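The lines below spell out each chain.
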Amino acid sequence: MIKTMSSKEAMELENKYGAHNYHPLPVVLSRGEGVFVWDIEGKKYYDFLSAYSAVNQGHCHPKIIGALKEQAETLTLTSRAFYSDALGAFQKYATEYFGFEKVLPMNTGAEGVETAIKVCRKWGYEKKGIAADQAKIIVCEQNFHGRTTTIVSFSSDEGARRNFGPLTPGFVKIPYNDIEALKEALKDPNVAGFLVEPIQGEAGVYTPADTYIREAATLCKASNVLFIADEIQTGIARTGSLLAVCGNCSCEGNCERQPATYTKPDILILGKAMSGGAYPVSAVLADDRIMDVLTPGTHGSTFGGNPLACKVAMAALDVVKDEKLAQNARQLGVIFRERMGKFIATTKLVKMVRGKGLLNAILINDTEDSSTAWDICVALKDNGLLAKPTHGNIIRFAPPLVMTEEQLHDCCDIIEKTIREFELKG
Ligand SMILES: *Cc1c(COP(=O)(O)O)cnc(C)c1O
């Protein structure tokens, strides 16, 4: 039935029967493989969003789908009322992979953030000695951490907050990439944690000073405050290292072996590419001194850590190492920014390119509320490349990390040609 439906009909169905909480680009996808997706009519596109960096390993990676199929026919869900033969194996694998003593698996990114907030608060009361209900967590302006009631309570995005109150208290907002503001906020003895994205993806791939993350972590440590890194979008090779908190180290993805450049967060939150887009898997990692505040009955999830998720996640993380995706992202990212930089010098329509690895964005030279970025994305779609505007007039470019150099050049050609055409049209 799906095959005989036109794109127009498919869009009408979503518009008629679905809640209108998204504004998708007018393209209806029905198949994906590697860096490509196809619409119903069979037109092929480069995917330059990768489902917000969930598909770092490429669409329908055979190793990941193989693990999914095999486990789906064996055992899918036990709940945590019982042990499973997959969960412990995954927990050993994930803790060794990322260099932590404990892991707590959840499903969506927002659940991971909620889990980190709960662990941080409980640690604040039980280990730091903060008085009941007084704990605060420092967050940054323009953050994006998900969509639950508590998380939107500390969003700067009016659309995400308005009419969803009463909002959850206990969060202090400071400017991003501002060490002095953090120093000031850390003076409050009731602060239990600092929750931050190493690069603000949704805000428009806002990339802080190279020293920001390390300095922030050092300040937190001095104040006995937990440094919580939300790497749901930046993590798992996207920015050219296994984690963005690795910075520019040359550790080939084994960040824990490079203590000089690696900032180890007290709590690390992962999601998205944990499963290569095959299944919702998120995880919170911390050492025993923090994670042991959770005891039976204090936190849980019916699906969190299910056997299917565990097997898919191990396969997805294997692919990242086997195919050296961090190295590829780092190398291709340099080429991409170099080409865009040269191109930008020749056009008035684009102001700058920024980012790290294959998490990049171009800033359109127009007012924030103009539709230029959207219109360029529609034109890019017509030319065979899918990207989506993010906050204001910014276009994020985040292809799957399995891309080849030749494909990347092909994509740069499409982007340059499209913007050039757009400029001529006026
Ligand atoms: C996507 C994202 C989330 C939320 O993840 P969901 O799976 O959509 O709940 C949280 N933080 C960051 C940085 C993200 O990019």
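Per an unreviewed UniProt entry, the protein chain goes by the name ornithine aminotransferase and belongs to Imperialibacter roseus. Recorded in UniProt under Sequence similarities (unreviewed entry), the annotation for the protein chain is "Belongs to the class-III pyridoxal-phosphate-dependent aminotransferase family."

Caption draft 1: Inspection of the sheet that holds strand β13 (residues 385–386) at higher detail. Reading across the sheet, the four strands line up as β1-β2-β3-β13 and stay open at both edges, with mixed pairing between neighbours. The sheet is open, and its two borders are formed by β1 (29–33) and β13, each paired with just one other strand. Bridge analysis of strand β3 (residues 44–47) against β13 gives two bridges, and the strand direction is parallel. Along β13, the bridge assignment pairs Asp47 with Leu386. Contacting β2 (36–39), β3 and β13, helix α14 (residues 405–425) crosses the sheet at an angle of about 100 degrees to β3.

Caption draft 2: Region of interest: the site of the ligand. Neighbouring the ligand are Thr108, Gly109, Ala110, Phe144, His145, Gly146, Glu197, Asp230, Ile232, Gln233 and Lys272. Between the ligand and the protein, one listed contact pairs a nitrogen atom with a side-chain N or O atom of Asp230 at 2.7 Å. Contact distances for the ligand include 2.8 Å between an oxygen atom and a side-chain N or O atom of Gln233. In this structure the site holding the ligand corresponds to the largest pocket. Residues that form the shell around the ligand fall into these classes: three nonpolar, five polar and three charged.

Criteria and cut-off values
- Residues numbered from 1 in each chain as written.
- Predicted model: local features only at pLDDT ≥ 70, side-chain atom pairs only at ≥ 80, totals over all residues.
- Heavy atoms only, no water.
- UniProt positions renumbered as here; feature names shortened; annotations may be inferred.
- Pairing = 2+ DSSP bridges.
- Helix = DSSP H or I, 4+ residues; strand = E, 2+ residues; numbered from the N terminus.
- Contact = heavy atoms within 4.5 Å.
- Axes fitted to C-alpha atoms, helices over the stretch in contact; angles between N-to-C directions.
- Near = heavy atom within 4 Å.
- Polar contact = N/O pair within 3.5 Å; in protein donor to acceptor, adjacent residues only side chain to side chain.
- 1 Å grid on protein atoms, 1.4 Å probe; cavity = no way out; pocket = protein on both sides within 12 Å on 5 of 7 lines; lining within 4 Å.
- Sits in = over half its atoms within 2 Å of the grid points.
- Nonpolar A, V, L, I, M, F, W, Y, C, P; charged D, E, K, R; others polar.

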